[in-house]
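# Reading the structure
Chain by chain, the residues run as shown.
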Amino acid sequence: MDINLILKILPFVAEAGLMTIKLAVASFMIGVAVSALLVAARFSTHFGIRAIATAYVSVMRGTPLLVQLFLVFFGTSQFGMELTPFVAGILTLGFNIGAYMSEGMRGAILSVDKGQTEAARTLGFGRFDTMRLFVLPQARPLVLRSLGVNTVILTKGTALVSTIGVVELTYSAQRFVTSTYKPFEVFGVAGAAYIIIIAVILAIARFAEASYGGATAP
C-alpha cells in the first residue's frame, strides 16, 4: 500500500468528486422534472399521451445507459448539435433516471387506497385537487424513498460519463492508474470517495423521509 501516492492524489480525487456531485445534482433536477411530466402523462385521460409516456419509459429502461450516452453525445453532432461532454452527460443521465423515478412515483400513487380518491371526488374535489390534497400527501413517504434509491443509482451511473471525457472520479482514477500503474491504491481512493458521497445522499434521503414523509391528508 503506497500511502504517499494516496496522499498525493487526494486533492485531485476531491476535485473530481466535486464534478461527480455536480453531475448528480444537475441530473437529479432534470430527472425530477422529467418524472413529474411522465407521471402526469401516465395518469392522463387521453390514450395517446399515456401511450407516448409508456413507450418512453419502456425505451429508456430497456436500452443500456451507455448506448443512450453515446447516442446523445456522438449522434446529435450529425444534426448540427455540438453538446459538451458535461451537457450530454447530465441530459442523458437526467432523462434516463427520470423514467425510473416516474415508475417509483407512479407506484407510490397507485398504492394509495382508491377509496381516498372516491371520497374526495364525492365531496366535490376535482382531479387535480384530489391528487394534490389527498393522494400525494399519503404517497409522499414512498415517493421520497424511491427518490433516495434512484439518486444513489444515478450517482453511481455518473461513472459512465468518463467514456466521453468528463473528468469525474472514474476518469480521474483511470488517468492516475495509467501514470502510476497502481490500480489498487487509485481505485481504492476513488471507491472510498463514492462511498462517502453516497453515504451523504442516504443521510439526506433519510432526513427528508423523516421530516416530510409522515404528512397525511388534511
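For clarity, every value in this text was computed on a predicted model and none was experimentally measured.

### With respect to the packing of aromatic side chains
For the coordinates displayed, the defined rule picks out 3 aromatic pairs. Taking 4.9 Å as the distance between ring centres and 70 degrees as the angle between the ring planes, the aromatic pair formed by F73 and F74 counts as edge-to-face. According to the relative accessible area criterion, F73 is buried, its value standing at 18%. Overall, the relative accessible area of 45% leaves F74 in the partly exposed class. Each residue in the set F70, F73 and F74 is aromatic and connected to the rest through ring pairs, giving one cluster.

### Describing helix α8 (residues 183-212)
With 30 residues, α8 extends 42 Å between its outermost C-alpha atoms, agreeing within 8% with the 44 Å of an ideal straight helix rising 1.5 Å per residue. Those residues of α8 lying buried are E185, V186, V189, A190, A193, Y194, I197, I198, I201, A205 and A208.

### Here's the deal with the layout of surface pockets
Approximately 610 Å³ is the volume found for the largest pocket. Lining the largest pocket are 19 residues; nearest its centre among them are F43, I109, R127, M131 and V135. Elements supplying a minimum of two residues to the lining of the largest pocket: α1 (3-42), α4 (85-110), α5 (114-122) and α6 (127-157). Of all the elements, α6 adds the most residues to the lining of the largest pocket, at 7 residues.

### So, the pattern of salt bridges
This structure, assessed with the given rule, holds 3 salt bridges. Of the charged contacts, one joins E103 and R42 as a salt bridge, the two residues approaching to 2.9 Å between their closest N and O atoms. Taken as a pair, E103 in helix α4 and R42 in helix α1 lie far apart in primary sequence, 61 residues in all. The class of E103 is partly exposed, set by a relative accessible area of 23%. As a salt-bridge pair, R145 and E209 come within 2.6 Å of each other at their nearest N and O atoms. In this pair, R145 is assigned in helix α6 and E209 in helix α8, connecting sequence segments 64 residues apart. Take R145: its relative accessible area is 43%, and that puts it in the partly exposed class. Since its relative accessible area comes to 23%, E209 is described here as partly exposed. Ionic contacts of the salt-bridge type, sharing partners, join the residues R42, R61 and E103 into one network.

Rules used in this analysis
Residues numbered from 1 in each chain as written. Predicted model: local features only at pLDDT ≥ 70, side-chain atom pairs only at ≥ 80, totals over all residues. Heavy atoms only, no water. Phe/Tyr/Trp six-rings, centres within 6.5 Å; stacked < 30°, edge-to-face > 60°. Buried < 20%, exposed > 50% of the residue type's maximum accessible area, 1.4 Å probe, protein only. Helix = DSSP H or I, 4+ residues; strand = E, 2+ residues; numbered from the N terminus. Expected span 1.5 Å × (residues − 1). 1 Å grid on protein atoms, 1.4 Å probe; cavity = no way out; pocket = protein on both sides within 12 Å on 5 of 7 lines; lining within 4 Å. Points joined across faces, edges and corners; volume = space filled by probe spheres on them. Salt bridge = Lys/Arg side-chain N within 4 Å of Asp/Glu carboxyl O.

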